[in-house]
Structures are given as C-alpha cells and as structure tokens.
Amino acid sequence: MTGSTAVGSAAGGAPPAAELRGITKRFGPVLAVDGVDLALERGTVHAVVGENGAGKSTLMSVLYGLHRPDAGQVLRDGREVRLGSPLDAIAAGLGMVHQHFRLFGSLTVAENVVYRAEPARFGVLDRRAAQERVAELSARIGLDVDPTARVDTLPLGVRQRVEILKALHRRAEVLILDEPTAVLTPGEVDSLFVVVRRMAEQGTTVALVTHKVREVLEVTDRVTVLRDGVVTARLTTAQTTAGEIVEAMIGRGLVPAVNPRGAVRGDPVLEVDGLRMPAAPGASRVQDVSLRVSAGEVVGIAGVSGNGQRELVEAVVGLRRPESGGVRLHGRDLAGLGVRERRRLGIAYVPEDRQGMGTAASLSVADNLALGHHRTPPIGRRGRLSPRALRAQAAELVRRLGVKTAGVAVPVSSLSGGNAQKVVLARELHHEAPLLVVEQPTQGVDVGAGEEIHRLLLDVRSRGGAVLLVSYEITELRALADRVLVMLDGAVTAELDAAEATEEVLGAAMVQAGRAGSPAGSASGGGER
Amino acid sequence: MSALGQRLRLGAPAALVPLGAVAVAAAVGAGVMLAAGVNPLLGYEAMFRGALSVSNIDFAVAGFTAILAMSLAFAIPARMGEYNLGGDGQLVAGGIAAAAVALYVPGPAALLLPLCVVAGMLAGGTLASVSAPLSTRAGVPVIISTLLLSTPAVALTSYLVRFPMAQEGSPVPQTPRLPDAAHLPAFPGMSYTNAGLVLVLAVLLVTVYVDARTPVGYEVRVAGANRGFAAYGGLSVPRLTLGTLAAAGAVAGLAGAVIVMSQPFRFIDDALTAPGYTFAGVAAALLAGGRPALLPVTAALFTILSVGSAGMERDVDVPRQLGQVLQAVVILVLALRVLATRWIAARARRAAGGRA
Amino acid sequence: MDVLNLAFVAAVLTSAAPVLYAALGGALCGRAGVFNIALEGQLLWGAFTAVAVSWWSGNPWLGVLAAVAATAVFSLVLAVGAVAFRADPIIVAVGMNLLALGLTGFVMREALGATGTFAPAGLPGLPDLDVLDGVPVLGPVLGRATVLVPLALVLAVVLSLWLARTSIGLRLRGVGEHPEAATSLGVPVTRYQMATVVVAGALCGLGGAQLSLGTVTAFTENMTAGRGWVAVAAVMLAVSRPLWVLGACLLFGAAEAWGFRLQGIGLPQQLTDAAPYLVTLVVLVLSRIRVRRRLRAADPVAAESAAHPETALHPEEPR
C-alpha cells in the first residue's frame, strides 16, 4: 500500500553522495527498519520524514555508524563503506547534528569546533588558527558566530550552528540533521534553512530528518517517507503536496483519537492571571500570562520548546515561585502553597522529564506508582505504610492501564518508554484530580502507546476533568485540544479555537509571531496579543 | 513480621556478594599474616579468641554496641544517598555532652541516666544536623561537611578534657570519674555489657520499622533514588535530609554517651575515636547493603575484626591495624561488586542478542 | 616587622604545600570528570613511603621518588575500580582511605618496629633551600623550605596553562564535561580519566613526601589528619581550576600558620587545630550558596540534586 509518486532515481551520471541499500535493523523482537533503500544525491537537501517510531532515526543512525545494520549496505560515492562507529563515519565524510547537541558548554565556540582536530604547534593549541578556521567556515556558509564565545552562553540556534561548523571542520560532505527545528524559534528556523540551502549550493548533501511537513515543503528537494520501518513514498518536493506527504506518513488504516469538541464546558478549574517570571540563565521568562482551563476542557499550549512553557507549568504545580501574578484552583488562590499542598487540592502532573522527574528508574513499578498516594488509605494510614496495599494498588493500576511489565516489583528502568509513561499516567490519573497538567505526553513513546495515551487524556476530559496540555507537536494539539494558546518568548501571542487551529494556521501563528520579534528570537519577541 | 522476613531473605546472588567480600578479605588477611611470618590459622584463632573467649566477650559486646550504633549512623542517611563520614565528631560530641551533664548536674540515677543519654543524642544530632542546611541550602555535599566538622569537634572535646573538664593531677587527659548515678546498669556478672546494648538495639528496631513500614521510610527511599522525582511528588528534600542526619548524629551521640557511661566511667581523650568505631560502622553498613535488619550480623563481624585484632596483636604479635586493613578490603570488594553484576548482565544480553 | 611578615608567608607556604599537591591532583580529576576523594589516603600513603624509603636508603630524594611511584600505583585502585569498572567512586575512596590508614600503621609496626610515631635520629629529611639565604624576600620566604614548596606553586601555574593552552588539556576538559561528546569525536575517555587519576596519585605522593620529609621529618599514624579532605574542599571551592585551588590552599595555610602563632601566645593547640577546617568549610559554604541560587533559578527540580558531590566539582554553568 504505497502511495508513491515515484521519482526515477538520478540514473546515469555520478553515483549518489551516500546511499543505503536494503537496510534492515532489529531491536530484539522489534523490526525497526525493514529493507530500506535511500539515495542522497550530491548537493541536494533530502527530507527523511515519518511519524515517531517510523524508523527514520534508526536509519540515520545506521548511516552515521551508530548502529550496525542486520542486513544491507552503506555506500559513499558509489563505494561500499563499513561503519563500525561514528568515527568511521566522520572519516568517510559524514557528519551528524543530533537533536540533543553534543557540545562542551564551558568551552568556546572555536574550541568546540576544533576539538580532537586541533591546529597545534608542539602540542600547544594554536588559538588564532582555530578562530580563523571558524571564521572562514562561517563565512563560507553565511553564518554569524563569535569564535571566542563560551558555548553555554549562546542561544540554542547558535549552538546548532556550532554543531554544523564542527562537521564542516571535519570535512563532512554529507550532513545529517536530526529534527533540527525542534528546539528553534521560528526566526531561527528561517535562518537555519538559509544555511541549509547555501550548503547544498556549495555541494554539501543534506539529509533532513523531520516529521514536520511544512519544513519539508519549504527547504528540501527530495522526500523519502517512512512508516513502520518501510518506505511508503519517494517524492520530489516541487511536485508534491502536504496532503500527499501526510497520507504517506500516517496511512489510511489508523484512526487517531480525536477530541470530539463541542461538549459542554463547566466552571473554570484553573485560572492564571498576569503571571510573570524573570529570565535567568537556563530559564526563560514568562511575561504576563493569563489563561483559564474549565472542567471538561483541554487547553493546549503550542510553541517551540524553551519559550516559557516549562516555567509556566512549574509555577502552576508549585515548583517555581512567580515574581507576580496569581494561580487559582476552583477560585482558591494557591499563592505560597508548595507542591504537596497543591497536589492535595487537586492538581495532577505528568512532567516532560520522565527520567529526571516523572519516575525513579531504580525503584520498583510499585514504589513509583505509590508517590503521592503513600500517606492516604489504603496505603498509608495513621503514620503507617502497608507494603501489601502498596503492591495491590500497583497491580490494579498496571492491569487497568495495560502496562507491559514483568511485575510490580521490577524497576521502572526495565520498562519501555511507552510503558514507563503509562506508569506516570496511571499514578497521576489515579487521583482523579480536577486538574491534570501534561507536558509532551507522547515524547519517546511508540505510535501505538501514543494513541492509548491520547485516549486516556480524552477520557479525563469526558469525565469532566480540566487538562492543560503543553506540546511541541502540532498534530497532537490538533487531536486533543479544545483551545490552543501559542507561547513565544514567555508571552501568549495567539489564542485559537479548535476549529481555527489547523496545522497551517497554528504554524503560521508561530511563524508570524516570530517574525514580529527579532530574528534570533533572543529578545523581546511577540509584542501584540 | 513477614516484612522483616522478606527483607532478610536474600536471593542467592544477592547473598553471594557480601559472603564473597568477606571471603576475599579473609584470604587477604591470611596472605598478610603469611607475609608477616604468622600461621594464618593461629592468627585468626587468636582474633576470634580476642573477641569471643569467655574473658573477652564482655568487652567485645561493648565494642559491638558502639559499632552497631555507628553503622546505623552511616546507614540512615545512606538510605537517601547521603554519606555521613563525620561519625567521630558526633561520637565525641555525644560523649562529652553526657559527661558534662553527669559531672555538673546533680541528681538521682532515675533522672541522670535518661538526661545524660538525651544530652548525648542531642549533641551528636545537632552537630550532624548542621550538615543538612549546608547541603540543601548551600549545596555543600554532606560527605564533605560532616568530615570537615568532625575534625574540629574532636579537637574541641580534646581541649575540653585537657582544660576546663580535666581531672586535676591526672597524667592522662581525661575527665573525673562520673558519679555513680550516671553509670549505665550492667548485665549481671558483666562490667562492660550494659543497658547501652539494649538502647542501641531498640534504635535498630525503630529504624527497621520506620524504613519498611512508614510513609517517612518510603519518602527517604524515594529521595535516595531520585531527588527530582521526590521534589516533583511534593516531598521536602531539605526536611528529609535534616531528619535523617539528625537521627544519624543522635545514634552516634548515643554511642558516645554509652561509652562514657560505661567502664571506666570517664571521657578519656582519644578513647572514643582510637578504636575506629566510625569506619567499622561504615564497613558494616556497606556490607549490609540497603537492609538495616542485617546490621547486627555485619556489625558483629566487624566487632570480631576490630576487637579481636587487639587480641591477635597480644597473642601472635600481628599488628592490630590488620583489622582496619581487612575492613578496607571488604569495602573495596563490595565497591567492585558491580563487576560481578555487570558481567552477569553482559552475559544475559549476549544470550538475548544471540537469540534474536 | 617586615621580617616577621615574611616569616609568616613562609609558614603559610609550608602549611599549604602538601594540601596544594593533593588539591591539584583532585582538580585534574575534577576536570576529567572523576570524583576523587581518596586524596586523604593517598597523601598518607605518600608520606609513609617517603619516610620508609628515605630511612632504608639513606637518601631523602629516593624517598620522594618512591612516594611518587608508590602513590601512583596505589591510585590504580581508583583508576581501575571507579573509572574502568564504573564502581561507586565514593565507596572505593572510603575503602582506599581506610586501607592507607590501616596499612601504613601495620607496616610501620611490622617493618619499622614503631608504634604511633616513627622519627628515629638520623632519618634523612629533605634539605632546606639555604642557597637562598641572603637573597632579599626569597631568602626569608623560601630559605627554610624544601624545593617541593616552590615546586607546588609552579605546578599550579603550569597545570593551569596546560589545561587552557594545550591540545591534550583541551581534550581533557572535554572529557570531563561531556564524555559522550568526547567519545563521539574519537577521544578515548576511559584512558584519559585513568591516566589523570594516576597523575593525581603521583602529585599526592609529592604532597605526602613534603609533609613527612619537609614540613617535619617523621611519620605519625594518621599524620595527614584531614588534610586530604581539606584538599577536596579546596577543589570544590575552586571548581577544579588550578589557580583558584592555589588560592584556596593558601587560605588554609594561612589559617594554620595563624593558629601556630596563636599557640605562641598561649592559646591551646587543640583549639587552633580546629581553625583551618572551620575556615575552609565556611568559605566553601559562602562560595557554594551563590552557585546554588543560580541553579535554583534555572531549574528548581534539578537543583535538588545539586549537592550531590559529583556535580559539585564541575566548572560548568547550569545548562
């Protein structure tokens, strides 16, 4: 079932800069990639698209030597190469910019770029040569980077440029960009795309891994769509449409959980008024945010990561103290209350950072499920804790949510991402708290479990719960939210009803807000509300 | 007490690790004795005799009391991932406080005994508590601050027993003998084995119960596993840190109070720290792993090592420091147990990979 | 008055030198991402080896060499255990410190036949730099010290430059800060870290030798008496920067030298002994409060684990 407007591969002429043939890769019982062919023509920008778990990251990991394929070949300029590690890949002229940057924060830009390939005289680093090299490379592709700046003082968009320079310094001719826009502001996205086009003109081959159709249309030449580990379409960007790409990505078989909307709204549960927090190193500011979530309503917060969403959520759940402004739950002012009191009053919270906050990986599933229930019956009673009740409740929750685990006594670290996330949800939903705050509920979760999680969230809505949903995925917000607020640089810059919030409109809202602000997205973005 | 049973029941591999550590230490000890020209069998026999013979067991039980208390002083904060290495300071703080109350507060035994014990626990607990805000408010690791506070505390008590509290005319820096009302009642026929053992065992029972059967025990475990998770769940990490450190210091202080309230009923400079109770306790706690109920067993083992090594020195002329060396070997072997688990995991992974 | 002040400087440097060696070793480990709190045991080990070999050979320089070699070998326990096999560095270090304490006492009794203190007449100590006698300033400051004292100061500067200016120094800093990134660029992280631990061991050997053949000419059971822990605190205070480590150690040295002075006017030794440790702790607290505040502003949840000893050694800003 392939809806392929097949493109005849650039027959004849030079071989592709990089080519994958018949790549198959398994992880235990899971077939991540199944016999995939992919040819990256020299000097093109090639989109590798698909939903989470479609196999695109695995495929690129094979190309960069991070995984060895179970079957298939990797070719560079028509010759087969064996990539045992990323070092082999670097030597073969490949470069990769990971979604999570691999930079040394306390080192300067120049030091990061030349690391392990330093210009040196008798072991002494030639700083000037390093800085000149960075300046030369940046000038070539039209980047503006200060070689002497410490990397951890730079915005994410600039750090990404440092990663690109790192690859270019190692003479990468094929550059893999893994979800490069996930952490960027709309302004930064635009300038990244300018750089990508410039590199392609100069002969660099770029593989752009993404699941955002808008980006595919904007910057690429060719498109390869993956679904469930196989190629479902090979397209030429100039001759295709968003609809065609989406269809190849999602397929017709899947009916995603979608908010039925239109249901009756109840009383306001969460009211946030004029919330302000100053910016700090490592924290975004929040500027005068007001919002309201009513019973039986899902309110989505859209926006690029790092625009104040985390700080807003932490102020709501009591982890962070706002500078000014109020948070009310059922009309009651929560000022001065800590996490424990707010939870008792009826706030449940599914955090974005599952490993650092949502679970304790070394503790058992049962212990993880008990947090917040450990002082209330049946587990806790008059200063005592019943281990038996703790295990019984865990078994019940595991059964109810269908968590796949070898038992409630095994550590959470033994579960898959999707099942660990279900443990978090099981614990938080068990409160039947009137307000559920959720961040990135399906991040790092396979598609099937993601659907189940969406259904659970919609169940909360239908039983009259209020849900505040932070997500960077437009499709997720479209599927779940009744209303969507767009956040940029700490301010709410747009509010859309579900009916208006189509992918194009939401994307455009974020882009327009970004263009109103400064291009680097570093300062005073998004003025009007 | 099914929970206690469950905590004690060890899976086969889990039991192998501590037993293996002890076996390796015993082998190292034998090697050292051979190198020193002593038959290891005779050496170990002298060690056991030094601790367990009829004439020595009384003294050994006093050592056991102190080591068990010090193992709790390390194990309680270790439950939430904090290392209390300042046991020496807390021990002498407790000892000097108990001695001061006994010497300067007149009263009958019924009043003085509990007063001395409480004073010792308060002093040790207070000293250890200082490290809690240093950690949670200033970010100074507990392991550093407890140690840096310990040295001055030992120096200060040393000053006190040499000058303000010294027994006049004594060649040894020590306090006068405590009044009879402050002597812990000894078991019949014993002179060192006294009510202190009962007190420390009671503390052990409370610890085991709190750990397994109360919400606080659960919270400490959660905070030990992941601070971020604890804060997210609304637990107060600062309060838990303060609580565990205060409890740890109080147990160490109790040990100090018990020592000065036992034979020879005075605070003698160096007498509390020289036997190395603190690190014997650390080793016992590490050997017990996360199972407080096992502490009496491991503490007994290290008592034989440290009390018995004095007998060994006397009988076969092997320096008593061998006891310390063996403790260190046990700790190092335990630290390297990850080797064993890593190896097993790697084999399992290879087996699974082979099947796929 | 001037002479008096120079004499005070001399006392500060002599007190600071052993701690400085250990702390420089700790700082290198901190930069390489290895948590090394076995400094106390290594210092003690070095001090003992120096005295023992100096006594047997009659040559204090052989004692210094032996201390460097023996402590480097001893540090392999940490290098292999905590780096190569990823065992808990804290527990390994606790074991090493205890092992050094027990083994030095044991060997002193068994091989040197001494208990408590070993200071026989004729134990060769390191010579003073009396060539400097008569040289203004340098003479009074370093004339009564061994060459290991100025060497420690020089090493602090050299290590600082080496970290900042050489390829290997750059790679080492990267290894400590982001080992995955360093690996992905082809730097053998484990090898770098193990080598660093061994170098730190050698430095502790020098520190120990200065303590037992320079500051005094004797070995006493547990003679380091917490200096290794002061070094750990100095590393933390300096967030592993060698020049700051120098400053922190001079502060400790000043507190100790000042204590000796107060003893001179009749204050009991027991009280002045406590001062350097308390001063170190107070300064450490003051410096960490600021860092901690910044961490809280960035991420209140992550800040909860900021007191974890391993995170307290790295020089980076919060992400």
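For clarity, every value in this text was computed on a predicted model and none was experimentally measured.

Participant: Would you mind going over the overall build of chain A with me for this structure?
Facilitator: Counting its regular elements, chain A contains 17 helices and 24 strands. On the principal axes, the C-alpha backbone points of chain A span a range of 75 × 50 × 45 Å. Partitioning the intrachain contacts of chain A with sequence separation of at least 6 by distance along the chain shows that 70% fall at a separation of at least 24. Just so you have it, chain A exposes about 21,500 Å², and 51% of that area is on carbon and sulfur atoms.

Participant: How should I be thinking about the pairing of strand β24 (residues 491-497) of chain A in this particular structure?
Facilitator: Sheet faces and side chains relate simply in a regular strand, where the side chains alternate between the two faces. All names here are of chain A. Across the seven residues of β24, five count as buried, placing the element largely inside the fold. In this structure, strand β23 (residues 483-488) lies alongside β24, joined through six bridges in antiparallel fashion. Note on β24: the bridge partner recorded for Leu 488 is Ala 491. With antiparallel pairing between neighbouring strands as the criterion, β23 and β24 make up a hairpin whose turn holds two residues, including Asp 489 at a positive phi of roughly 50°.

Participant: Help me understand the interface of chain C and chain A in this model?
Facilitator: Interface size is commonly expressed as the accessible surface area that is lost when the partners come together. The interface of chain C with chain A comprises 26 residues on the first partner and 32 residues on the second. Between chain C and chain A the total buried area reaches about 2,600 Å² when both faces are included, carbon and sulfur atoms providing 56% of it. A per-residue breakdown of the area chain C buries against chain A is headed by C:Arg165, C:Leu170 and C:Leu185, which together make up 24% of the total. Counting every contact that joins chain C to chain A gives three salt bridges. Residues C:Asp299 and A:Arg310 are paired through a salt bridge, measuring 3.6 Å at the closest nitrogen-oxygen approach. Where chain C meets chain A, there are 11 residue pairs in polar contact (both at pLDDT 80 or more).

Participant: How should I be thinking about the confidence of the model for chain C in this particular structure?
Facilitator: Low-pLDDT portions of the prediction should not be read for the details of their coordinates. All names here are of chain C. For chain C, mean pLDDT is 91; residues scoring 70 or higher make up 94% of the total. Below a pLDDT of 50 lies the segment residues 314-319, which in the model reaches 17 contacts outside its immediate sequence neighbourhood of four places, other chains included. Scored as a complex, the prediction yields pTM 0.90 and ipTM 0.90.

Participant: Looking at this structure, how should I read the interface of chain C and chain B?
Facilitator: Contact residues are listed per partner, giving 49 residues for chain C and 52 residues for chain B. Both sides of the chain C and chain B interface together cover about 4,400 Å² of buried area, and 78% of this is carbon and sulfur. Together, C:Leu98, C:Phe106 and C:Gln270 form the three largest contributors to the area buried by chain C at its contact with chain B, with a combined 15%. Inspection of the region where chain C meets chain B yields two salt bridges. Across the pair B:Glu313 and C:Arg109 runs a salt bridge, and its minimum N-O distance is 3.0 Å. Summed over the shared surface of chain C and chain B, the result is six residue pairs in polar contact (both at pLDDT 80 or more). When contributions to the side of chain C that touches chain B are tallied by element, the ones reaching two or more residues are α3 (60-84), α4 (89-112), α10 (227-237) and α12 (269-298) of chain C. Top element by residues in the side of chain C that touches chain B is α4(C). It accounts for 15 residues. A breakdown of the residues in the side of chain C that touches chain B according to their chemical character gives 33 nonpolar, seven polar and nine charged.

Participant: Just to check I follow, could you spell out the environment of B:Ala246 for this structure?
Facilitator: Tracing the sequence through the fold places B:Ala246 in helix α12 (residues 237-260). Separated by 86 residues in sequence, B:Ala246 and B:Leu332 have C-alpha atoms that sit 28 Å apart.

Participant: I would appreciate a short explanation of the sheet that holds strand β16 (residues 324-329) of chain A in the present structure.
Facilitator: Working definition: the strands of a sheet are paired by backbone hydrogen bonds and lie parallel or antiparallel to each other. Residue and element names in this part refer to chain A. Ordered in space as β14-β13-β16-β17, the four strands form an open sheet in which the pairing is antiparallel. On the outer flanks of this sheet lie β14 (286-294) and β17 (332-333), each paired with one strand and no other. Where strand β13 (residues 268-277) meets β14, six bridges bridge the pair, whose relative direction is antiparallel. If you follow Leu 275 over to β14, its bridge partner there is Val 289. Here helix α9 (residues 309-317) sits on the sheet and contacts β13, β14 and β16; the angle it forms with β13, its principal contact strand, is near 120°.

Participant: What is the right way to look at the packing of helix α2 (residues 39-57) of chain C against α10(C) in this model?
Facilitator: Between two packed helices, both the angle of their axes relative to each other and the distance between the axes serve to describe the pair. Residues and elements named next belong to chain C. Between α2 and α10, the shortest axis-to-axis distance is 7 Å and the interhelical angle comes to 135°. In terms of their interaxial angle, α2 and α10 are classed as oblique. Where α2 crosses over α10, the two elements pack in a sense that is right-handed. Residues Leu 39, Glu 40 and Leu 43 of α2 lie in contact with α10, whose contacting residues are Arg 227, Gly 228, Trp 229, Ala 231 and Val 232. Taken together, the residues that form the contact of α2 with α10 break down as five nonpolar, one polar and two charged.

Participant: Would you explain helix α6 (residues 148-165) of chain C in this entry?
Facilitator: Residues three or four positions apart in an α-helix share a direction because the helix packs 3.6 residues into each turn. If you check α6(C), its first and last C-alpha atoms are 25 Å apart, about what 18 residues at 1.5 Å a residue would give, namely 26 Å. Here α6(C) has its buried residues at C:Leu148, C:Val149, C:Pro150, C:Ala152, C:Leu155, C:Ala156, C:Leu159, C:Ser160 and C:Leu163.

Participant: What exactly am I supposed to notice about unusual backbone geometry here?
Facilitator: Trans peptide bonds make up the majority, and among non-glycine residues the majority have a negative phi. Cis geometry marks the peptide bond from A:Pro377 to A:Pro378, where omega comes out at 5°. Mapped onto the elements of the fold, A:Pro378 is located in the loop between α12 (365-370) and β19 (380-381). With omega at -5°, the peptide bond leading from B:Gln263 into B:Pro264 counts as cis. Tracing the chain through its elements places B:Pro264 in the loop between α12 and α13 (277-288). A positive phi angle is found at A:Asp288, which is not glycine, with a value near 50°. For A:Asp288, the location among the structural elements is in strand β14. Backbone geometry at B:Asp317 places phi at a positive 60°, although glycine is not the residue there. Relative to the elements of secondary structure, B:Asp317 occurs in the loop between α14 (295-316) and α15 (321-335).

Participant: Looking at this structure, I do not really get the UniProt feature "transmembrane region" (unreviewed entry) in chain C. What am I missing?
Facilitator: Residues and elements named next belong to chain C. Using the residue numbers shown here, the UniProt feature "transmembrane region" (unreviewed entry) corresponds to residues 6-30, 37-56, 62-83, 90-108, 141-164 and 229-254. Secondary structure within residues 6-30 divides into 100% helix and 0% strand; the distance between the first and last C-alpha atoms comes to 33 Å. In residues 62-83, the share of helix is 100% and the share of strand is 0%. The end C-alpha atoms are 30 Å apart.

Quick notes on the rules
Residues numbered from 1 in each chain as written. Chains lettered and ligands numbered in written order. Predicted model: local features only at pLDDT ≥ 70, side-chain atom pairs only at ≥ 80, totals over all residues. Heavy atoms only, no water. Helix = DSSP H or I, 4+ residues; strand = E, 2+ residues; numbered from the N terminus. Contact = heavy atoms within 4.5 Å. Areas by Shrake-Rupley, 256 points an atom, 1.4 Å probe, with all protein chains shown as cover. Buried < 20%, exposed > 50% of the residue type's maximum accessible area, 1.4 Å probe, protein only. Pairing = 2+ DSSP bridges. Buried area = accessible area lost by both parts, 1.4 Å probe. Salt bridge = Lys/Arg side-chain N within 4 Å of Asp/Glu carboxyl O. Polar contact = N/O pair within 3.5 Å; in protein donor to acceptor, adjacent residues only side chain to side chain. pLDDT = per-residue confidence, 0-100. Nonpolar A, V, L, I, M, F, W, Y, C, P; charged D, E, K, R; others polar. Axes fitted to C-alpha atoms, helices over the stretch in contact; angles between N-to-C directions. Parallel < 35°, antiparallel > 145°, perpendicular 65-115°, else oblique. Left-handed = near helix turned anticlockwise from the far one by under 90°. Expected span 1.5 Å × (residues − 1). UniProt positions renumbered as here; feature names shortened; annotations may be inferred.

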